[in-house]
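Breakdown of the fold
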Amino acid sequence: MSDTSHTRRDFLKGATISSVGLAALSAEGAMPAQAQSGAASAETRPTSVPRPEHPRPIFRRDAWTNLNGRWQFEIDEAGDGEARGLTSGRDLETSIIVPFAPESQLSGIGNRDFMTNVWYRRHFRLPAAMQGRRVLLHFGAVDWLTRVWVNGRLMGDHRGGYVPFSFEITEALRPGDNELVVHAFDDTRSGTQATGKQSHTQESQGVHYTRTTGIWQTVWLEAVGDTYLRDFAVTPDVAGGRLLFEGTIDGPMRGLRLRLRARANGRPVGEETVVASWREARAALKLSRVTLWHPGKPFLYDLDIEVLRGQRVVDHVRTYFGMRSLAIEGNRFLINGQPVFQRLVLDQGFYPDGVYTASSDAALRRDIELSMAAGFNGARLHQKVFEPRLLHWADRLGYLLWGEYPSWGLNFSDRTAVAYAVAEWFAAVRRDRNNPAIIGWCPLNETPAGEPVAEAQQLLAVTRDVDPSRPFLATSGWVHYDPETDVYGCHDYDQNPQSFAARHAPFATNGVDAWNNFPADPRSAYRGQPFLLGEFGGMRIRPRAAGPDGAWGYSEVEDVRSFMELYRALTDVPLGNPNMCGFCYTQITDVEQEQNGVFYYDRRAKYDPAMLKALNERPAAYETQPPRIRRIDWTEVVPTSERVPQIWRYTMAAPAAGWEQAGFDDSAWASGPGGFGTRNTPGAVVGTEWSGPSIWLRRTFTLDAVGGPLLALRVHHDEDADVYVNGRRVVALRGFTQGYRTMDLTEALRAALRPGANLFAVHCMQRTGGQFIDVGLRSGVERRPRP
């Protein structure tokens with residue numbers, strides 16, 4: 001989402017959900033029959049432990065114990081905890097409820113200030129069933145640099161705030177009581193860390209929210225055999241009716257075999273045994289029955305992975321998988337061989353009581369059910385690596401996901417920081433590559449221009465090698481330096497339906513001129529991939545009561561009816577475009593001061609979600625029509641000042657009424673070359689400086705004839721601009737561009753133009769940041785395909 005600050009101070013009080021909405025939102029409702037396969041019954045522990053469920057249901061062993069609960073805790077302001085002996089044998093100042101971060105209410109701390117160093121301590125006893133075996137200590141996620149001691153012995157450290165890590169602690173354990181100490185260092189403002197949407201100021205503001213420090217996912221112990229499965233990847237081969245498996249084994253290898261057993265609804269559908277090897281334990285599991293996992297119609301198989309020595313099972317992992325295929329063909333993103341329009345919503349994964357951590361497993365499932373009740377079939381998991389349990393529920397409910405890295409906060413000029421981020425991102429991909437709900441990877445969001453970013457995109461393009469089974473989107477919105485990105489995307493928060501439609505109309509008609517956020521850089525050009533409208537909307541309904549400071553939305557509408565009208569008009573554009581593979585609406589819930597969610601921050605409904613569902617589930621041209629690809633040869637009819645300055649009449653003082661009409665006397669206006677604006681504005685070609693709040697422009701031109709089959713504006717505007725031709729407004733441009741764009745307005749221009757003398761009249765307004773305006777006219781003819 002764009003880094004935009006607003007000062008509106010109100011928020012909505014909750015509406016209720018109708019009986020239709022309630023039926024879809026039950027957190028305990030029946031699971032779709034197709035999703036019921038995939039074991040879940042043995043995943044919980046006594047409810048006195050917070051977040052008692054198994055934290056990673058796609059990689060489960062029976063011998064595990066949850067270490068969540070009350071720990072000792074201390075904020076180490078001076079950073080001298082190790083010198084003071086906190087690594088062992090010292091009580092800490094207070095207590096905390098793990099796995100909730102100390103910023104959260106659920107942690108029992110609720111400290112929203114910066115905490116650079118924090119310490120945790122607890123004692124545990126190894127369960128009898130785990131004694132005499134190798135023992136792993138797992139952390140779901142700790143932000144950011146973590147060091148761990150068991151019984152005073154340093155186990156190791158880990159950098160990265162979003163991915164799991166583990167240490168084998170077998171040799172450090174002792175009979176009876178054991179001591180576990182954790183130190184977390186977290187410097188959000190350093191530029192060394194990926195922080196996503198965590199605020200770099202003391203208070204939340206704009207699109208940045210409450211920070212997360214230290215432990216924020218489950219901590220657990222797990223017992224394994226002397227040889228065990230360290231990691232694995234499964235890839236569905238739908239055409240071959242088989243599952244491809246690759247695993248990594250840790251421990252003595254002599255006499256080792258690997259056995260895979262698949263079940264569908266409890267019945268065996270495939271078994272394969274192969275000789276195990278260290279990093280190349282590979283198998284192809286043929287299935288007697290292939291039922292596809294499809295969005296909204298999920299089917300999951302159970303899979304047992306056993307490491308055998310002779311006939312003895314030395315390690316046993318329970319998992320599940322879905323059979324579905326992904327492919328890119330031209331501008332088509334295919335799921336199971338069919339174009340599926342992605343009706344996505346932006347999910348930032350924040351909670352009012354737990355910040356980064358959901359209060360319960362049911363809360364994670366409910367977030368997906370809320371989204372599906374509003375007619376979304378998936379989400380961008382935005383600027384955060386989400387808990388594995390949410391991915392699990394997406395698998396079971398048939399909900400599409402795009403995995404994303406929390407790239408904001410990184411100093412891309414710091415190569416060490418980028419190296420940390422690349423390593424963490426690859427760990428995230430490896431963690432989640434077996435979840436069928438994830439259909440694509442997007443490591444970056446709204447990356448700026450510059451060589452450091454170009455280098456980072458090149459490094460992260462290796463994602464395709466880490467997981468070649470999924471499409472790769474180099475960055476969501478803004479600058480695309482990777483010309484081979486599998487999917488291309490833009491962000492567009494234009495709130496005016498007419499100009500929003502106009503800027504995307506050329507792409508709908510020709511499939512070539514895709515709107516992008518940074519047209520000034522030719523390296524960022526669209527190259528024919530599937531096109532995703534990665535962010536749009538973000539409307540806030542006008543509040544009825546005072547709210548938090550800085551509350552805002554990308555626009556504000558009067559009431560629910562106005563919201564639905566605007567939502568319909570905006571979604572008409574991607575739904576009606578046969579060359580767009582999907583959209584992502586901002587956003588599913590309010591997050592603190594950003595109050596443009598479909599639901600409130602506490603997940604109450606603002607309106608009946610069934611109303612939005614009806615709009616979202618309208619047929620999409622992408623699914624019902626073939627691609628529409630046309631090459632257009634454009635001819636300059638009225639040139640812009642991109643290459644040669646063009647002379648305009650202009651004034652920066654509000655003119656009299658009728659200024660846009662042909663008969664208006666503009667002799668008192670100044671005359672000067674375009675374009676008009678400030679030289680620091682991206683993509684601007686400034687002939688005349690304009691730095692005030694408004695400018696009015698007039699320019700006459702002559703046409704022998706109205707022109708060819710297609711007519712378009714060539715325009716660069718920052719910010720809002722109204723463009724008139726012969727006194728008739730042909731388009732109301734809202735927001736800003738970062739370079740010149742061709743906007744197909746054939747119908748409006750043909751109605752306004754006439755042979756002979758014509759008049760361009762433009763009013764441009766500036767609110768913040770850069771400013772610029774320049775306009776021209778083009779005529780287009782479709783290029784005939786080669787025989």
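Above this text sits the structure in question.
What comes next concerns the included structure. (Residues numbered from 1 in each chain as written. Predicted model: local features only at pLDDT ≥ 70, side-chain atom pairs only at ≥ 80, totals over all residues. Heavy atoms only, no water.)

A look at the overall build of the protein chain
We count it as follows: Note on conventions: DSSP H or I runs of at least 4 residues are helices, E runs of at least 2 residues are strands, and numbering of each starts at the N terminus. The globule rule is 2.2 Å times the number of residues to the power 0.38, and the radius of gyration it is compared with is taken over C-alpha atoms. Using a 1.4 Å probe on the protein chains alone, a residue whose accessible area is under 20% of its type maximum counts as buried, one over 50% counts as exposed, and one in between counts as partly exposed. By definition in these notes, contact holds between two residues if any of their heavy atoms fall within 4.5 Å. For every accessible area listed, the method is Shrake-Rupley and the probe measures 1.4 Å; residues are considered covered only by the protein chains on display. Residues scored as positive are Lys and Arg, those scored as negative are Asp and Glu, and His as well as the terminal groups of each chain are ignored. Here the site of a charge means NZ on Lys, CZ on Arg, CG on Asp, or CD on Glu.
Within the protein chain one finds eleven helices and 47 strands. In terms of overall size, the protein chain behaves like a compact globule, its C-alpha atoms giving a radius of gyration of 29 Å where 787 residues would be expected to give roughly 28 Å. Counting only C-alpha atoms and orienting by the principal axes, one finds that the protein chain spans roughly 95 × 65 × 55 Å. By residue count, 61% of the 787 residues in the protein chain fall in the buried class. The contacts in the protein chain between residues at least 6 apart in sequence include a share of 74% that link residues at least 24 apart. As presented, the protein chain carries roughly 29,300 Å² of accessible surface, and 50% of it is formed by carbon and sulfur atoms. Taken as two groups, the 88 positive and 91 negative side-chain charges of the protein chain have centres that lie 5 Å from each other.

What about helix α8 (residues 560–575)?
Note the cut-off: In a helix, the anticipated span is given by 1.5 Å times the number of residues less one.
Over its 16 residues, α8 extends 21 Å from the first C-alpha to the last, a length consistent with the 22 Å expected when each residue adds 1.5 Å. Residues of α8 that are buried include every one of Phe563, Met564, Leu566, Tyr567, Leu570, Thr571, Val573, Pro574 and Leu575, and no others.

A look at the environment of Asp572
Topologically, Asp572 is positioned in helix α8. C-alpha of Asp572 to C-alpha of Leu615: the two residues are 43 residues apart in sequence and 9.1 Å apart in space.

Thoughts on the packing of aromatic side chains
How two aromatic rings sit relative to each other is given by the distance of their centres and the angle of their planes. We apply this condition: Working definition: rings of Phe, Tyr and Trp (its six-membered ring) pair if their centres are within 6.5 Å, and the pair is stacked with planes under 30 degrees apart, edge-to-face with planes over 60 apart, and tilted otherwise. The rule for a charge over a ring is simple: NZ of Lys or CZ of Arg within 6 Å of the ring centre, and within 35 degrees of the ring normal.
Using the criterion set out here, one finds 39 aromatic pairs in the structure. Cluster of aromatic residues (ring-pair linked, three or more members): Phe341, Phe500, Phe536, Phe563, Tyr567, Phe583, Tyr585, Tyr607 and Tyr622. For Arg189, the ring lying beneath its charged end belongs to Phe114, and the centroid distance is 3.6 Å. Directly above the aromatic system of Phe386 lies the positively charged group of Lys384, at a separation of 4.8 Å from the ring centroid.

Let's talk about the packing of helix α4 (residues 415–432) against helix α5 (residues 451–460)
As a reminder of what qualifies: Axis definition: a line fit to C-alpha positions, over the contact stretch in the case of helices; interaxial angles, taken between N-to-C directions, run 0 to 180 degrees. Under this scheme an angle from 65 to 115 degrees is roughly perpendicular, one under 35 degrees roughly parallel, and one over 145 degrees roughly antiparallel; angles in between are oblique. Handedness of a helix crossing follows the sense of rotation of the near helix relative to the far helix, less than a right angle counterclockwise being left-handed and clockwise being right-handed.
At their nearest, the axes of α4 and α5 sit 10 Å apart, and the two run at 25° to each other. If you check the angle between α4 and α5, you find them roughly parallel. As for how α4 packs across α5, the hand of that crossing is right-handed. Residues Arg415, Val418, Val422, Trp425 and Phe426 of α4 form the contact with α5, whose participating residues are Glu455, Ala456, Leu459 and Leu460.

Description of the sheet that holds strand β19 (residues 301–309)
Heads up, the condition is: DSSP-based pairing: two strands are paired if at least 2 bridges between them are found.
In space, the four strands of this open sheet follow the order β17-β16-β19-β20, with antiparallel pairing throughout. The sheet terminates laterally at β17 (267–275) and β20 (312–321), the two strands that pair on one side only. When strand polarity is set aside, the average angle formed by the axes of neighbouring strands in this sheet is 15°. Sheet topology places β19 next to β20; nine bridges connect them, and they run antiparallel. When the bridges of β20 are listed, Ile305 appears paired with Val317.

Re the nonpolar core
Our working rule: We call a set of buried Ala, Val, Leu, Ile, Met, Phe, Trp, Tyr and Cys residues a nonpolar core when their side-chain atoms join them within 4.5 Å.
With 140 residues, the main nonpolar core has Leu258, Leu401 and Phe563 as its most contacted residues. With nine residues, the single largest contributor to this core is α4. Look past the residues within four positions of Phe563 in its chain and what remains in contact with it is Met539, Ile541, Val557, Tyr585, Tyr607 and Leu612. Among the nonpolar cores identified, the runner-up in size contains 31 residues, and Val638, Val731, Ala752 and Ile773 belong to it.

So, the pattern of salt bridges
Just so we agree on the cut-off: Any Lys or Arg side-chain nitrogen found within 4 Å of a carboxyl oxygen on Asp or Glu counts as a salt bridge.
Summed over the entire model, instances satisfying the criterion amount to 56 salt bridges. Of the charged contacts in the structure, one is a salt bridge between Arg433 and Asp231, with a shortest N-O distance of 3.1 Å. In this pair, Arg433 is assigned in the loop between α4 and β27 (438–442) and Asp231 in strand β14 (residues 228–237), connecting sequence segments 202 residues apart. In this structure Arg433 comes out as buried when scored by relative accessible area, which is 17%.

Examining unusual backbone geometry
For the bond from Asp143 to Trp144, the omega torsion is 20°, close enough to zero to count as cis. Mapping Trp144 onto the fold places it in the loop between β7 (142–143) and β8 (145–150). For the bond running from Asp718 to Glu719, omega is 10°, close enough to zero to count as cis. By secondary structure assignment, the location of Glu719 is in the loop between β42 (710–718) and β43 (721–725). Residue Val355 is not a glycine yet carries a positive backbone phi of 60°. Note on placement: Val355 falls in the loop between β24 (342–347) and α2 (361–373).

Section: the sheet that holds strand β13 (residues 219–224)
Judged by pairing direction, the sheet is antiparallel, and its four strands sit side by side in the order β2-β13-β6-β10 without closing on themselves. The open sheet has two edge strands, β2 (64–66) and β10 (165–168), and neither has a second partner. Averaged over all pairs of adjacent strands, the angle between their axes in this sheet comes to 20°, without regard to strand direction. Bridge count between strand β6 (residues 134–139) and β10: four bridges; the pairing is antiparallel. Bridging across to β10, Phe139 finds its partner in Phe165.

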